[in-house]
Amino acid sequence: MSKVDHGPDPLAASTAKDHPARIDCVLIAGGEWHDIDFARLELLKLLAEDPRVRTRVFEDYENLEAIRGADILISYTCNVVPSHSAQETLRDWVEAGGRWYALHGTNSILKLMDDGLFHALRDAPLFMDVLGSQFLTHPPIAPYTVTVADPDHELTRGVEAFETTDELYHLETHGDLHVLLETECTEPGTGFAEAADAPGIHPVMYIKRRGAGAVLYNTLGHCRGHYDLQPLADWWPTVDRCAWELPVFYDLLRRGIGWIKTKD
């Protein structure tokens, strides 16, 4: 029987141009007091815009093998504190050239104490040093203006000052930060132990370089549904989407995802 000729082998004929390299992403989405389901889905939809990206999703930072094998990392967490071995893995991964887009409450370690206030615990200094900041307080959710600190950077070029209704983060910063967006806080942080220190200028988005890699941090993006304050409260009366309602926030997310996929 003669052999049927099916033409050229498509795999043998493939080229790097025809088949660009796969990008392995780890998305960590978990924690307290936020609509993690909403944020996770929105980020997965954005990642799916690039067919090269294959994403593994976790609720914490403890799959060290996945982190070591990732090309890019994205986190949307609150009160999710890595173990010390996970903190070391994150540090080593960034220093070796990894890029991490950290969002909103990633830098939070909060505990409600007997004084009725939330305290920012300094329990993971290595984690906060890698991230470049630790959340301390925020005033009540209300409109505020985000201004562009570096209009020439690719992540902010063409972005104009905008108003958002979100949690305005009062941060303790660590190391040299390249601030891209910032805002002025004029009120104390309500319900937090370090509330009185909140007024001042605070970063909204910045880059923290470490070794051959970098962390891009964006404090925007609070979200909460009716059930997300349990067990503190059984029912939250509103569905909060904050900066997620703004096209400029999605623009910043897309730019950030694009930036962590490149090396410079």
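Conventions we followed
Position labels on residues start from 1 in each chain and follow its written sequence. With the structure being a predicted model, the display of local features is reserved for residues of pLDDT at least 70 and the display and counting of side-chain atom pairs for 80 or more, all residues being used for whole-chain, interface and lining totals. Side-chain measures were taken over the full set of non-hydrogen atoms in the model, leaving aside hydrogen atoms and water. Looking at any residue, its pLDDT shows the predictor's confidence there, from 0 to 100. Numbering of helices and strands starts at the N terminus; helices are DSSP runs of H or I of at least 4 residues and strands are runs of E of at least 2. Exposure is judged per residue with a 1.4 Å probe applied to protein chains only, and the accessible area is read against the type maximum: over 50% gives exposed, under 20% gives buried, and values in between give partly exposed. Definition of a polar contact: a pair of N or O atoms within 3.5 Å, with one able to donate and the other able to accept a hydrogen when the atoms are protein atoms, and with sequence-neighbouring residues admitted only if both atoms are side-chain atoms. Whether two residues are in contact is decided by their heavy atoms, any of which lying within 4.5 Å being enough. Grid points spaced at 1 Å and placed over the protein atoms alone form the basis of the search, with a cavity being a set where a 1.4 Å probe fits but cannot get out and a pocket an open set showing protein on both sides within 12 Å along at least five of seven lines. Lining residues have an atom within 4 Å of a point. Grid points are joined across faces, edges and corners, and a volume is the space filled by probe spheres set on the points. In this classification, Asp, Glu, Lys and Arg are treated as charged, Ala, Val, Leu, Ile, Met, Phe, Trp, Tyr, Cys and Pro as nonpolar, and every other residue, Gly included, as polar. Two strands are said to pair when DSSP picks up at least two bridges between them. Axis definition: a line fitted to C-alpha atoms, over the contacting stretch in the case of helices. Angles run 0 to 180 degrees between N-to-C directions.

Per-residue confidence for the protein averages 95 on the pLDDT scale, and 93% of its residues sit at or above 70. Taken element by element, the protein is modelled with least confidence in strand β5 (residues 110–112), mean pLDDT 97, and with most confidence in strand β4 (residues 99–103), mean pLDDT 99.

Within the fold, Asn-218 resides in strand β13 (residues 213–218). Take Asn-218: its relative accessible area is 0%, and that puts it in the buried class. Of the polar contacts made by the side chain of Asn-218, one reaches the side chain of Tyr-101; its length is 3.3 Å. Apart from the residues within four sequence positions on either side, Asn-218 is in contact with Tyr-101, Ala-102, Leu-103, His-104, Val-204, Met-205, Phe-249 and Leu-252.

We now examine the layout of surface pockets. A volume near 390 Å³ is recorded for the largest pocket. If you go around the largest pocket, you meet 21 residues; those closest to its centre are Phe-118, His-138, Glu-167, Phe-192 and Arg-224. A class-by-class count of the residues in the lining of the largest pocket yields 13 nonpolar, six polar and two charged.

On the secondary structure map, Val-239 appears in the loop between β13 and α5 (247–260). Its relative accessible area of 45% is what places Val-239 among the partly exposed residues. Residues Val-239 and Thr-173, 66 residues apart in the sequence, show an inter-C-alpha distance of 30 Å. Excluding residues within four positions of it along the chain, Val-239 makes contact with Arg-224 and His-226.

Our focus in this paragraph is the sheet that holds β4. What the nine strands build is an open sheet, ordered β2-β1-β3-β4-β13-β12-β11-β8-β9; its pairing is mixed. Each edge of the open sheet is held by one strand with a lone partner, namely β2 (53–58) and β9 (162–166). On average, each strand axis in the sheet is inclined to that of its neighbour by 25°, with strand direction left out of account. Summarising the sheet, strand β3 (residues 72–78) and β4 pair through five bridges and their orientation is parallel.

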